[in-house]
Amino acid sequence: MTAVTLLYADFDKPPQPSGRQCFFCKRDLSFTPEADGPISQPSIPPSVAVFPCGHYFHTRCLEIVTPPEKTTDPPCILCDLDENAS
Ligand SMILES: [Zn+2]
Ligand SMILES: [Zn+2]
């Protein structure tokens, strides 16, 4: 296992944001989602959901806003909002 080595390597490096922000909580996709508390960069990047429309979210954020009946095939919440607004 290289977990300890990785931990030290991460400690020496500055946080490296992916440059893409979750459209829901506005945090970088490599950072913890807002629902998980204070902002931090985990050594394992959070799970991310990318939609064909080009929008992306933390999987955690998506889970929060997705109705239970749609969890197997969650819609993009941004596009969903657009449709409902028009
Ligand atoms: Zn998020
Ligand atoms: Zn979308």
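Rules of the game
- Residues numbered from 1 in each chain as written.
- Chains lettered and ligands numbered in written order.
- Predicted model: local features only at pLDDT ≥ 70, side-chain atom pairs only at ≥ 80, totals over all residues.
- Helix = DSSP H or I, 4+ residues; strand = E, 2+ residues; numbered from the N terminus.
- Buried ≥ 20, exposed ≤ 12 C-beta atoms within 10 Å, placed from the backbone.
- Contact = placed C-beta atoms within 7 Å.
- Core = buried A, V, L, I, M, F, W, Y, C linked by C-beta atoms within 7 Å.
- pLDDT = per-residue confidence, 0-100.

Asker: It is not clear to me how the overall build of the protein should be interpreted in this structure. Could you clarify?
Answerer: Across its full length, the protein carries three helices and two strands. Taken from the N to the C terminus, the helices and strands of the protein come in the order α-β-β-α-α. Considering the protein as a whole, with its 86 residues, one finds that 14% of them fall into the buried category. Sequence-distant contacts in the protein: of pairs separated by 6 or more residues, those separated by 24 or more amount to 40%.

Asker: Honestly, unusual backbone geometry in this entry has me stumped. Any pointers?
Answerer: Negative phi characterises most residues that are not glycine, and trans characterises most peptide bonds. Despite not being glycine, lysine 26 shows a phi value in the positive range, around 70°. Inspection of the secondary structure assignment puts lysine 26 in the loop between helix 1 (3–12) and strand 1 (48–50). Note on lysine 26: 9 C-beta atoms within 10 Å, which makes it exposed.

Asker: Looking at this structure, how should I read the environment of cysteine 76?
Answerer: Structurally, cysteine 76 is set in the loop between helix 2 (59–65) and helix 3 (77–85). For cysteine 76, a count of 20 C-beta atoms within 10 Å corresponds to the buried category. Each C-alpha atom, one on cysteine 76 and one on valine 50, is 8.9 Å from the other, the two residues being 26 residues apart in sequence. Residue contacts for cysteine 76: discarding those within four places in its chain leaves Phe51, Cys53 and His55.

Asker: Quick question: what am I supposed to make of the environment of cysteine 22 here?
Answerer: Looking at the secondary structure, you find cysteine 22 in the loop between helix 1 and strand 1. Between the alpha carbons of cysteine 22 and glutamate 34 there is a distance of 9.8 Å; along the sequence they are twelve residues apart. Dropping the residues within four chain positions of it, cysteine 22 is found in contact with Arg27, Leu29, Pro33, Tyr56, Phe57, His58 and Cys61.

Asker: How should I be thinking about the nonpolar core in this particular structure?
Answerer: In globular proteins that are soluble, nonpolar side chains generally tend to be buried together. Of all hydrophobic cores here, the largest spans seven residues; its members are Cys22, Phe24, Leu29, Tyr56, Phe57, Cys61 and Leu62. Of all elements in the fold, only strand 2 (56–58) and helix 2 reach the threshold of two or more residues within this core. The contact partners of phenylalanine 24, leaving out residues within four places of it in the chain, are Phe57, Cys61, Val65 and Ile77.

Asker: Whenever I open this one, the confidence of the model for the protein confuses me. Can you help?
Answerer: As a general rule, the predicted coordinates of low-pLDDT regions are not to be interpreted in detail. With 81% of its residues at a pLDDT of at least 70, the protein reaches an overall mean of 83. Across the protein, the element-wise mean pLDDT spans from 47 in helix 1 up to 94 in strand 2. Throughout residues 1–10 the model reports pLDDT below 50, and contacts reaching past four residues in sequence, or to other chains, amount to three contacts.

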